[in-house]
Amino acid sequence: QVQLVESGGGLVQPGGSLRLSCAASGSIFSFGDMGWYRQAPGMQRELVARITRDGTTYYGDSVKGRFTISRDNAKNTVYLQMNSLKPEDTAVYYCNVALRTLTGYREHWGQGTLVTVSS
């Protein structure tokens, strides 16, 4: 079984910062891309950022220059540093990790962590 445990969400004022973490554990043979998506109420889930195993990063247009994705392959963890947060960043944030287990290679989702940006 694979577990993705997210942490770091919460309430922050506009202009503030938060750091999300997502740690993978279980019977994992190898990792591929890792990423973060978000879903606001009434909206579709959207890409926030992704990072390949060799460190190449991709960002959604709305977060470029404000958010930074990183990964620690030794700790099987992906991070999302969020700066200059805006009310429109309010959403449930989900980590997404592609990995290989005994049953094959596929993407796995975390349980989600709520980020609320409000004064």
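Report follows, based on the coordinates. (Residues numbered from 1 in each chain as written. Predicted model: local features only at pLDDT ≥ 70, side-chain atom pairs only at ≥ 80, totals over all residues. Heavy atoms only, no water.)

Points about the overall build of the chain
This is how the line gets drawn: Put simply, DSSP marks the helices as runs of H or I at least four residues long and the strands as runs of E at least two long, and each gets a number from the N terminus on. Burial classification: accessible surface area is computed with a 1.4 Å probe over protein chains only, and a residue below 20% of its type maximum counts as buried, one above 50% as exposed, and the rest as partly exposed. By the convention used here, residues are in contact when the closest approach between their heavy atoms is within 4.5 Å. Surface accessibility in these figures is a Shrake-Rupley result with a 1.4 Å probe; residues are shielded only by whichever protein chains are displayed. In summary, the charge assignment counts Lys and Arg as positive and Asp and Glu as negative, without counting His or the chain termini. By convention, the charge on Lys lies at NZ, on Arg at CZ, on Asp at CG and on Glu at CD.
Broken down by element type, the chain carries zero helices and 11 strands. Overall, the chain shows an N-to-C arrangement of helices and strands of β-β-β-β-β-β-β-β-β-β-β. Dimensions of the chain, computed from the C-alpha atoms along their principal axes, are close to 45 × 25 × 25 Å. Here the chain holds 119 residues, and the buried ones make up 42% of them. Looking at the chain alone, contacts between residues at least 24 apart form 55% of all its contacts between residues at least 6 apart. When the accessible area of the chain is evaluated, it comes to approximately 6400 Å², of which 48% is carbon and sulfur surface. Here the chain holds 12 positive side-chain charges and 9 negative ones, and the gap between their average locations is 4 Å.

So, the state of the cysteines
Quick note on the threshold: Any cysteine sulfur atom paired with another within 2.5 Å is treated as part of a disulfide.
Taken as a whole and judged by the stated rule, the model has one disulfide. Paired through a disulfide, C22 and C95 show a sulfur-sulfur distance of 2.1 Å. Looking down the S-S bond of the C22 and C95 bridge, the torsion is 40°, so its handedness is right-handed. With C22 in strand β3 (residues 18–26) and C95 in strand β9 (residues 91–101), this pair connects stretches of sequence that are 73 residues apart.

Remarks on the nonpolar core
Quick reminder of the rule: Side-chain atoms within 4.5 Å link the members of a nonpolar core, which is a set of buried Ala, Val, Leu, Ile, Met, Phe, Trp, Tyr and Cys residues.
Formed by 27 residues in total, the largest nonpolar core has its most connected members in W36, V48, F67, V78, L80, M82 and Y93. Elements that contribute at least two residues to this core include exactly β3, β4 (30–39), β5 (46–51), β7 (67–72), β8 (77–82), β9 and β11 (113–117). Per-element tally for this core: the top contributor is β9, with five residues.

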